[in-house]
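Residues per chain, in single letters:
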Amino acid sequence: MCHQMALEHESKAKDKAAASSPASSGSSSPAVQVPNATSGHMRDANVPIIWVLGGPGCGKGTQCEKIVAKYNFSHFSTGDLLRDEVASGSEKGKELQDMMKKGILVPNETVLKLLEAAMVKALNGTVGYLIDGYPREPAQGPEFEKFIAPVDIVLYFECSNETLVARILKRAAQSATVRADDNEETLKTRIATFRENTEKILVQYPTQLKRINAERAPEEIFADVEKAIDELLVKKGKK
């Protein structure tokens, strides 16, 4: 439930983020104390950064697992980072939990600081980064690139609405835990919202965008993913 709430708050944080800068957080929590992005830690690292986007049920989780296994990329989900910070019991985690309970939006600056901290921590032992499900709104991509580093590739796993709904309902039927939003009508609303935001994001990155047909078997999909990543690693001098 916390993860779901975190995602909902994160997706609405654009207005909050516009009023402040990621470098201005007053948190003293060790879990999120990182150098300011302007110091260039990530920007100067020349480590590949890939955003991974796709509707619920597109299979991007499976593809991320394959990428991590083959290429030793670090895989981060902003929703998971928020959840983990709360679970850590840190002062920042307690602040986040209190905000969520009160219905206060989690500012995008907080999300970016958590993400940057995780990326900096993994820097010496990773080949690249997979940022899963971010950005969720058009304003978030430019904020990421301004305060962390430019994105190299945007992997977008494309599926029809019908396929997405069918996959999620099948997964729900096989799961021991039933989510309240795993019903057809709610799913259609979630997917419509996702598409509206995502199309506005994708048009911002015409040269980085790699559209992947996700209607196929996982192995076929991964063959296209490998091609895109191999080309990127050559370009970055990592292969």
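Residues numbered from 1 in each chain as written. Predicted model: local features only at pLDDT ≥ 70, side-chain atom pairs only at ≥ 80, totals over all residues. Heavy atoms only, no water.

**Comments concerning the sheet that holds strand β5 (residues 209-213)**
Read from one edge to the other, the open sheet built from five strands follows the order β2-β3-β1-β4-β5, with strand pairing classed as parallel. What marks the edges here is a single partner per strand, and that holds for β2 (74-77) and β5. With strand direction ignored, the average angle separating the axes of adjacent strands in the sheet is 25 degrees. Sheet analysis places strand β1 (residues 49-54) next to strand β4 (residues 153-158), joined by five bridges and oriented parallel. Paired with Gly54 across the bridge in β4 is Phe157. (Pairing = 2+ DSSP bridges. Helix = DSSP H or I, 4+ residues; strand = E, 2+ residues; numbered from the N terminus. Axes fitted to C-alpha atoms, helices over the stretch in contact; angles between N-to-C directions.)

**Re the confidence of the model for the protein chain**
For the protein chain, the average pLDDT comes to 82, and 80% of its residues sit at 70 or higher. In this model residues 1-39 is a low-confidence stretch, pLDDT under 50, and it forms 76 contacts with partners more than four residues away in sequence or in other chains. (pLDDT = per-residue confidence, 0-100. Contact = heavy atoms within 4.5 Å.)

**Points about the nonpolar core**
In this structure, Ile49, Met119, Ile131 and Phe144 are the most contacted members of the largest nonpolar core, which totals 34 residues. Only β1, α4 (78-88), α5 (91-102), α6 (108-122), β3 (129-132), α7 (140-147), β4 and α9 (184-202) provide two or more residues apiece to this core. By residue number, the principal contributor to this core is α6, which donates six residues. Excluding residues within four positions of it along the chain, Phe144 makes contact with Ile49, Trp51, Leu112, Leu115, Met119, Ile131, Tyr134 and Ala149. (Core = buried A, V, L, I, M, F, W, Y, C linked by side-chain atoms within 4.5 Å. Buried < 20%, exposed > 50% of the residue type's maximum accessible area, 1.4 Å probe, protein only.)

**So, unusual backbone geometry**
The omega torsion of the bond from Tyr134 to Pro135 falls at 5 degrees, within 30 degrees of zero and hence cis. Backbone geometry places Asn46, a non-glycine residue, at a positive phi of 55 degrees. Checked against the element boundaries, Asn46 lands in the loop between α2 (14-18) and β1. Relative accessible area serves as the criterion here: at 36%, Asn46 is assigned to the partly exposed category.

**Brief notes about the environment of Glu143**
Mapped onto the elements of the fold, Glu143 is located in helix α7. The sequence separation of Glu143 and Asn108 amounts to 35 residues, and the corresponding C-alpha distance is 8.7 Å.

**Let's talk about the packing of α4 against α5**
Where α4 contacts α5, the axes come no closer than 7 Å and their chain directions differ by 110 degrees. If you check the angle between α4 and α5, you find them roughly perpendicular. When you trace α4 past α5, the crossing you get is left-handed. Judged by residue contacts, Leu82, Glu85 and Val86 of α4 engage Lys92, Gly93, Leu96, Gln97 and Met100 from α5. Grouping the constituent residues of the contact of α4 with α5 by class yields four nonpolar, two polar and two charged. (Parallel < 35°, antiparallel > 145°, perpendicular 65-115°, else oblique. Left-handed = near helix turned anticlockwise from the far one by under 90°. Nonpolar A, V, L, I, M, F, W, Y, C, P; charged D, E, K, R; others polar.)

**What about the packing of aromatic side chains?**
Aromatic ring pairs are described here by two measures, namely the spacing of the ring centres and the angle between the planes. All told, the structure shown has six aromatic pairs when counted by the stated rule. Arranged with centres 5.3 Å apart and planes meeting at 85 degrees, the rings of Trp51 and Phe144 form a pair that is edge-to-face. On the criterion of sequence distance, the pair formed by Trp51 in strand β1 and Phe144 in helix α7 is long-range, its members being 93 residues apart. Classification of Phe144 as buried rests on a relative accessible area of 0%. Plain terms: the ring middles of Tyr71 and Phe73 are 6.2 Å apart, the flat faces sit at 70 degrees to each other, and that makes the pair edge-to-face. (Phe/Tyr/Trp six-rings, centres within 6.5 Å; stacked < 30°, edge-to-face > 60°.)

**A closer look at the pattern of salt bridges**
For the structure shown, the criterion picks out twelve salt bridges. Linking Glu196 and Lys200 is a salt bridge whose minimum nitrogen-to-oxygen distance equals 3.9 Å. Highlighted residues: Glu196 and Lys200, both in helix α9, separated by four residues, approximately one helical turn. The exposure class of Lys200 is partly exposed, given its relative accessible area of 44%. Sharing partners across several salt bridges, the network here consists of Asp80, Arg83 and Asp84. (Salt bridge = Lys/Arg side-chain N within 4 Å of Asp/Glu carboxyl O.)

**Here we look at the state of the cysteines**
Using the criterion set out here, one finds zero disulfides in the structure. With no disulfide partner, Cys58 has as its closest neighbouring cysteine sulfur the one in Cys159, 6.1 Å distant. Free cysteine Cys64: the closest other cysteine sulfur is in Cys58, separated by 8.7 Å. Taking relative accessible area as the criterion, Cys64 reaches 0% and is therefore assigned buried. (Disulfide = S-S within 2.5 Å.)

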